Amino acid sequence: MRHRRPEPMSPSPEKTSRQGRRPRAHVTVDVDPLRCYAEIHGLAPGALSEESFNLVYEKGMLRFIDVFERYGIRATLFVVTSDLSSADGTDPSRRVDLKGPAPSATMFARNRGLMREASERGHEIASHTHSHPYDFDRLPVERQGAEIATSVRIITEAVGRAPVGFRAPGYNFRPEMTPLLVEHGLRYDASLLPSRGYYLLRAAMIAKIRAFGGTSGSQLGRYRNFATNNRPRIVARDGAVIRQHPISVLPGLGLPMVGTFLAMLGPERLEAALGFAAELDPLHIEFHGVDLLDLARDGLPPELAVQSDLLIPLERKLAVMDRLFSFLDGRFEVVPLRDADHGD
């Protein structure tokens with residue numbers, strides 16, 4: 001479904017940075033496969049059929065790229081590279097297809113082609129590890145290194161350009177990872193979501209699943225990661241230095257600028273939140289590939305109804321994005337994270 005692009009808003013004259021430019025915004029998408037959501041909610045491996053296994057690419061990401069094209073947005077896509085290649089240089093005891101049927105060579109080729117096309121359109125392809133282990137931050141350093149190295153190699157081969165950015169699964173970052181990132185050519189990290197509210201919601205979800213006899217693959221993580229602030233910062237460890245770009249949380253509201261929460265607001269209530277977003281520089285918005293899927297319309301397994309944002313109709317989600325991106329248009333300079341101003 002296509003929406004007519006609204007007329008660009010005029011830049012707000014008082015909204016310029018110290019450098020005399022428009023404030024910057026970054027739009028990022030975690031291209032997490034559906035198996036990750038099955039794992040989060042403790043669903044059985046058979047919850048995903050062959051028809052639904054790759055819908056994040058076959059429907060969700062196609063819709064994202066179409067929306068970005070209409071608004072002239074160059075986004076950063078954090079890719080789980082086990083969706084691009086069967087190569088597994090991580091750990092032979094860890095299945096890449098943790099939930100669902102085995103992926104096919106045809107699927108890998110289609111997904112690589114889509115990421116190559118996205119790169120050619122100006123989107124940044126960055127690393128979200130190879131197999132998206134939720135306990136990544138607690139793995140031995142050798143396995144962390146193998147996840148990163150495999151991911152970097154596959155992205156480079158797929159799109160012809162080495163990634164420079166990284167996001168850890170589950171927003172769980174440790175400074176001890178910094179030397180590994182630098183060793184593999186990565187210049188920045190975008191793992192942090194500084195929201196105490198999100199941390200408490202995650203804790204409640206994990207406890208609820210456990211209370212009903214299930215096991216969530218999600219990891220609670222360290223509270224300090226969720227109790228920090230929005231500002232980009234330098235992280236240094238053992239002589240290695242990276243830039244870190246937290247996802248934005250709106251001052252005053254405490255609302256994470258994350259697709260799940262924005263979709264739940266809807267286009268009407270989003271309007272009020274955007275006044276707070278206008279005060280941020282940079283503004284860092286995070287989506288997931290699943291955000292543009294619709295449980296009923298796209299034929300997703302009914303078990304995934306536990307992921308409540310999948311119940312929101314696609315048309316309503318697209319209306320939220322239209323409102324959000326028309327707000328950005330003319331007010332912010334929207335650039336991939338690789339082009340972030342390192343002088344701030």
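Residues numbered from 1 in each chain as written. Predicted model: local features only at pLDDT ≥ 70, side-chain atom pairs only at ≥ 80, totals over all residues. Heavy atoms only, no water.

Student: Please explain the overall build of the chain as it appears in this structure.
Tutor: In terms of helices and strands, the chain carries 9 helices and 9 strands. Looking at the 344 residues of the chain, the share that counts as buried comes to 59%. Entry remark: accessible area of the chain is about 13800 Å², with carbon and sulfur atoms responsible for 53%. (Helix = DSSP H or I, 4+ residues; strand = E, 2+ residues; numbered from the N terminus. Buried < 20%, exposed > 50% of the residue type's maximum accessible area, 1.4 Å probe, protein only. Areas by Shrake-Rupley, 256 points an atom, 1.4 Å probe, with all protein chains shown as cover.)

Student: Can you help me understand the packing of helix 2 (residues 55-71) against helix 3 (residues 105-120) in this one?
Tutor: When two helices pack together, you describe them by how their axes are tilted relative to each other and by the distance separating the axes. The geometry of helix 2 relative to helix 3 is characterised by a closest axis approach of 11 Å and an angle of 5° between their N-to-C directions. The angle between helix 2 and helix 3 falls in the class roughly parallel. Only Arg110, Asn111, Leu114, Met115 and Ala118 of helix 3 make contact with helix 2, whose side of the interface consists of Tyr57, Glu58, Met61, Leu62 and Ile65. Considered class by class, the residues forming the contact of helix 2 with helix 3 number 7 nonpolar, 1 polar and 2 charged. (Axes fitted to C-alpha atoms, helices over the stretch in contact; angles between N-to-C directions. Parallel < 35°, antiparallel > 145°, perpendicular 65-115°, else oblique. Contact = heavy atoms within 4.5 Å. Nonpolar A, V, L, I, M, F, W, Y, C, P; charged D, E, K, R; others polar.)

Student: Mind showing me how you'd approach the pairing of strand 3 (residues 124-127) here?
Tutor: Each regular strand displays side chains that alternate between the two surfaces of the sheet. Where burial is concerned, the two faces of strand 3 agree: the one with Glu124 and Ala126 and the one with Ile125 and Ser127 are both buried. In this structure, strand 2 (residues 76-79) lies alongside strand 3, joined through 4 bridges in parallel fashion. Counted as the bridge partner of phenylalanine 78 is alanine 126 from strand 3. (Pairing = 2+ DSSP bridges.)

Student: Sorry, what's going on with the packing of aromatic side chains here?
Tutor: Aromatic ring pairs are described here by two measures, namely the spacing of the ring centres and the angle between the planes. Summed over all chains, the structure comprises 12 aromatic pairs. For the pair phenylalanine 68 and phenylalanine 325, a centre-to-centre distance of 6.0 Å together with 55° between the ring planes defines the contact as tilted. Highlighted residues: phenylalanine 68 in helix 2 and phenylalanine 325 in helix 9 (residues 314-328), separated in sequence by 257 residues. Each of the two residues, phenylalanine 68 as well as phenylalanine 325, counts as buried. Aromatic pair tyrosine 199 and tyrosine 223: ring centres 5.2 Å apart, planes at 75°, arrangement edge-to-face. Of this pair, tyrosine 199 sits in helix 6 (residues 196-211) while tyrosine 223 sits in helix 7 (residues 223-226), and the two are 24 residues apart along the sequence. A relative accessible area of 13% means that tyrosine 199 is categorised as buried. Linked through ring pairs, Tyr171, Tyr198, Tyr199, Tyr223, Phe226 and Phe261 together constitute an aromatic cluster. (Phe/Tyr/Trp six-rings, centres within 6.5 Å; stacked < 30°, edge-to-face > 60°.)

Student: Explain the nonpolar core to me, please; I cannot follow it from the model alone.
Tutor: Where a protein is soluble and globular, its nonpolar side chains tend to be buried together. One finds Leu34, Leu77, Leu283, Phe325 and Leu328 to be the most contacted residues of the largest nonpolar core, which totals 77 residues. Considering every element that reaches this core, the biggest residue donor is helix 2, with 9 residues. Excluding its chain neighbours within four sequence positions, the residues that come into contact with leucine 77 are Val29, Val31, Met61, Phe68, Met115, Ala118, His123, Glu124, Ile125 and Ala126. Counting 14 residues, the second largest nonpolar core, distinct from the first, contains Leu139, Phe166, Ala168 and Phe173. (Core = buried A, V, L, I, M, F, W, Y, C linked by side-chain atoms within 4.5 Å.)

Student: In this structure, what is going on with the environment of proline 256? I would like to understand it.
Tutor: Structurally, proline 256 can be placed in the loop between strand 7 (240-244) and helix 8 (259-277). For the pair proline 256 and serine 195, spaced 61 residues apart in sequence, the C-alpha to C-alpha distance is 6.6 Å. If we ignore the near neighbours within four places in the chain, the residues touching proline 256 are Leu193, Ser195, Ser248, Val249 and Phe261.

Student: Explain the confidence of the model for the chain to me, please; I cannot follow it from the model alone.
Tutor: Any residue range with low pLDDT should be treated as having predicted coordinates unsuitable for detailed reading. Mean pLDDT over the chain: 90, with 89% of residues reaching 70 or higher. Contacts from residues 1-14, a stretch scored under 50 in pLDDT, to residues over four places away or in other chains number 27 contacts. Below pLDDT 50 for its whole length, residues 89-99 participates in 32 contacts with residues either more than four positions away or in separate chains. (pLDDT = per-residue confidence, 0-100.)

Student: Looking at this model, I keep getting lost on helix 8. Mind explaining?
Tutor: Three or four residues apart is the spacing at which side chains of an α-helix point the same way, because the helix has 3.6 residues per turn. The first and last C-alpha atoms of helix 8 sit only 14 Å apart over 19 residues, clearly below the 27 Å expected at 1.5 Å per residue. For helix 8, the secondary structure elements touched by its buried residues are helix 6, strand 8 (283-288) and helix 9. (Expected span 1.5 Å × (residues − 1).)

Student: What's the story with the side chain of asparagine 225 in this structure? I'm lost.
Tutor: Topologically, asparagine 225 is positioned in helix 7. Assessed through its relative accessible area of 8%, asparagine 225 is described here as buried.

Student: So what exactly am I meant to see when it comes to the pattern of salt bridges here?
Tutor: Pairing between side chains becomes possible if they bear opposite charge and their charged atoms approach one another. Following the criterion strictly, the structure yields 16 salt bridges and no others. A salt bridge links arginine 70 to aspartate 66; the shortest N-O distance between them is 3.5 Å. With a gap of 4 residues between them, arginine 70 and aspartate 66 both fall in helix 2, about one helical turn apart. Residue classification places arginine 70 among the buried residues on the basis of a relative accessible area of 15%. A single salt-bridge network, built from bridges that share partners, covers Asp30, Arg167 and Glu286. (Salt bridge = Lys/Arg side-chain N within 4 Å of Asp/Glu carboxyl O.)

Student: What's the story with the environment of tyrosine 37 in this structure? I'm lost.
Tutor: Relative to the helices and strands, tyrosine 37 resides in helix 1 (residues 34-40). When its relative accessible area of 6% is taken as the criterion, tyrosine 37 is described as buried. Expressed as a C-alpha distance, the spacing of tyrosine 37 and leucine 304, which sit 267 residues apart in the sequence, is 7.7 Å. Those residues in contact with tyrosine 37 that sit more than four places away from it in its chain are Asp32, His288, Val290, Leu304 and Gln307.

Student: Would you take a moment to explain unusual backbone geometry for this structure?
Tutor: Excluding glycine, a negative phi dihedral is what most residues carry, and trans is how most peptide bonds are arranged. Here the residue pair aspartate 281 and proline 282 is connected by a cis peptide bond, since its omega of 5° sits within 30 degrees of zero. Inspection of the secondary structure assignment puts proline 282 in the loop between helix 8 and strand 8. For tyrosine 171, which is not glycine, the phi dihedral falls at a positive 65°. Note that tyrosine 171 resides in the loop between strand 4 (165-166) and helix 5 (178-183).

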